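# Survey of secondary and tertiary structure
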Amino acid sequence: MPPYTIVYFPVQGRCEAMRMLLADQDQSWKEEVVAMQTWLQGPLKASCLYGQLPKFQDGDLTLYQSNAILRHLGRTLGLYGKDQQEAALVDMVNDGVEDLRCKYVSLIYTNYEAGKEDYVKALPQHLKPFETLLSQNKGGQAFIVGDQISFADYNLLDLLRIHQVLSPSCLDSFPLLSAYVARLNSRPKLKAFLASPEHVNRPINGNGKQ
């Protein structure tokens, strides 16, 4: 039986970064897919600590909050930098990813038609910090922090990929980020996961907007 279980809706949403991490690290996991109708019935929602998904199980440990799950996997699988300084930078990057992800989620679920044009126009200023971070680490030829992959790389990669769907040209003026996405996408196990039906057939969001 796989050691990990992801309980979530039938979308990529806040779980695709952890799925990419697990696949790339050659970890197995089980999916428990929750239909919206089941969720709206109430009992499962009431049983969740914060009344929301994802729920993640690692043996007898149950976690909620997607970033807490990513940090747990980072610590467990050695994806949290090589020392405390790198770990602090990894946390900083991940918080930056969360800031932009929250803006994206707000657009998708509350203001898509009216807000997309302005959102895309403002996107370069939100992407620039990540380009800057790459430029400061081995000229952008490695990972976002240090010389080994971290959980923040998977979270950032997912964020950049969904923005490429929203605005296909969004990375055109960011050569280091463009190369970074291509480089991570080509990692053999991650490439196989990204080409799999499990990923390809899973909608990005729950309302059909992307």
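Residues numbered from 1 in each chain as written. Predicted model: local features only at pLDDT ≥ 70, side-chain atom pairs only at ≥ 80, totals over all residues. Heavy atoms only, no water.

## Overview of the overall build of the protein
Looking only at helices and strands, the protein features ten helices and four strands. When the backbone C-alpha atoms are referred to their principal axes, the protein occupies close to 50 × 45 × 30 Å. Buried residues in the protein amount to 47% of all 210 residues. A separation threshold of at least 6 residues defines the contact pool for the protein, and within that pool the share at least 24 residues apart is 69%. Split by element, the accessible area of the protein, about 10,300 Å² in all, is 52% carbon and sulfur. (Helix = DSSP H or I, 4+ residues; strand = E, 2+ residues; numbered from the N terminus. Buried < 20%, exposed > 50% of the residue type's maximum accessible area, 1.4 Å probe, protein only. Contact = heavy atoms within 4.5 Å. Areas by Shrake-Rupley, 256 points an atom, 1.4 Å probe, with all protein chains shown as cover.)

## A few points about the sheet that holds strand 2 (residues 29–33)
In space, the four strands of this open sheet follow the order 2-1-3-4, with mixed pairing throughout. In the strand order of this sheet, the two ends are held by strand 2 and strand 4 (61–64), each with one partner. Averaged over neighbouring strand pairs, the angle between their axes works out to 20° when direction is ignored. Pairing geometry for strand 1 (residues 4–8) and strand 2, over five bridges, is parallel. Note that in strand 2 the partner of Thr5 across the bridge is Lys30. Contacting strand 1, strand 3 (55–58) and strand 4, helix 4 (residues 66–77) runs over the sheet at an angle of about 135° to strand 4. (Pairing = 2+ DSSP bridges. Axes fitted to C-alpha atoms, helices over the stretch in contact; angles between N-to-C directions.)

## Let's talk about the pattern of salt bridges
Under the criterion given, the structure shown has nine salt bridges. Residue Glu32 pairs with Lys30 through a salt bridge whose shortest N-O separation is 3.6 Å. A residue is classified by how much of its surface remains accessible, and Glu32, at 35% relative accessible area, is partly exposed. Taken together, the shared-partner salt bridges connect Glu16, Arg19, Glu31 and Arg202 into one network. (Salt bridge = Lys/Arg side-chain N within 4 Å of Asp/Glu carboxyl O.)

## Let's talk about the packing of aromatic side chains
Evaluation of the coordinates by the stated rule reveals five aromatic pairs. Between Tyr80 and Phe151, the ring centres sit 4.8 Å apart and the planes meet at 70°, which makes this aromatic pair edge-to-face. Taken together, the residues span a long stretch of sequence, with Tyr80 in the loop between helix 4 and helix 5 (84–110) and Phe151 in helix 7 (residues 151–166) at a distance of 71 residues. Grouped by ring-pair contacts, the aromatic residues Tyr8, Phe9 and Trp39 constitute a single cluster. (Phe/Tyr/Trp six-rings, centres within 6.5 Å; stacked < 30°, edge-to-face > 60°.)

## Observations concerning the environment of Val165
For Val165, the location among the structural elements is in helix 7. The contact partners of Val165, leaving out residues within four places of it in the chain, are Ile204 and Gln210.

## Re the UniProt feature "domain: GST N-terminal" (unreviewed entry) in the protein
Listed under "domain: GST N-terminal" (unreviewed entry) in the UniProt record, and renumbered for this structure, are residues 2–81. As annotated, residues 2–81 comprises 40% helix and 22% strand, and the C-alpha atoms at either end are separated by 26 Å. (UniProt positions renumbered as here; feature names shortened; annotations may be inferred.)

## Quick notes on the pairing of strand 1
On a regular strand, each side chain points to the face opposite its neighbour's, so the side chains alternate between the two faces of the sheet. For strand 1, the buried fraction is high: five of the five residues fall into the buried class. Alternating residues of strand 1 divide into Tyr4, Ile6 and Tyr8 and Thr5 and Val7, and every residue in both groups is buried. Note that the unit made of strand 1, helix 1 (residues 16–24) and strand 2 has a crossover that is right-handed. Relative to strand 3, strand 1 runs antiparallel, the two being bridged by four bridges. The partner of Ile6 across the bridge, within strand 3, is Phe56. (Right-handed = clockwise from strand over helix to strand, strands pointing away.)

## Some words on the packing of helix 1 against helix 9 (residues 188–195)
Put simply, helix 1 and helix 9 touch, their axes get as near as 8 Å, and they point 130° apart. Between helix 1 and helix 9, the interaxial angle falls into the category oblique. For the crossing formed where helix 1 meets helix 9, the hand is right-handed. Counting all contacts with helix 1, which are made through Glu16, Arg19, Met20, Ala23 and Asp24, the residues of helix 9 involved are Lys189, Leu190, Phe193 and Leu194. (Parallel < 35°, antiparallel > 145°, perpendicular 65-115°, else oblique. Left-handed = near helix turned anticlockwise from the far one by under 90°.)

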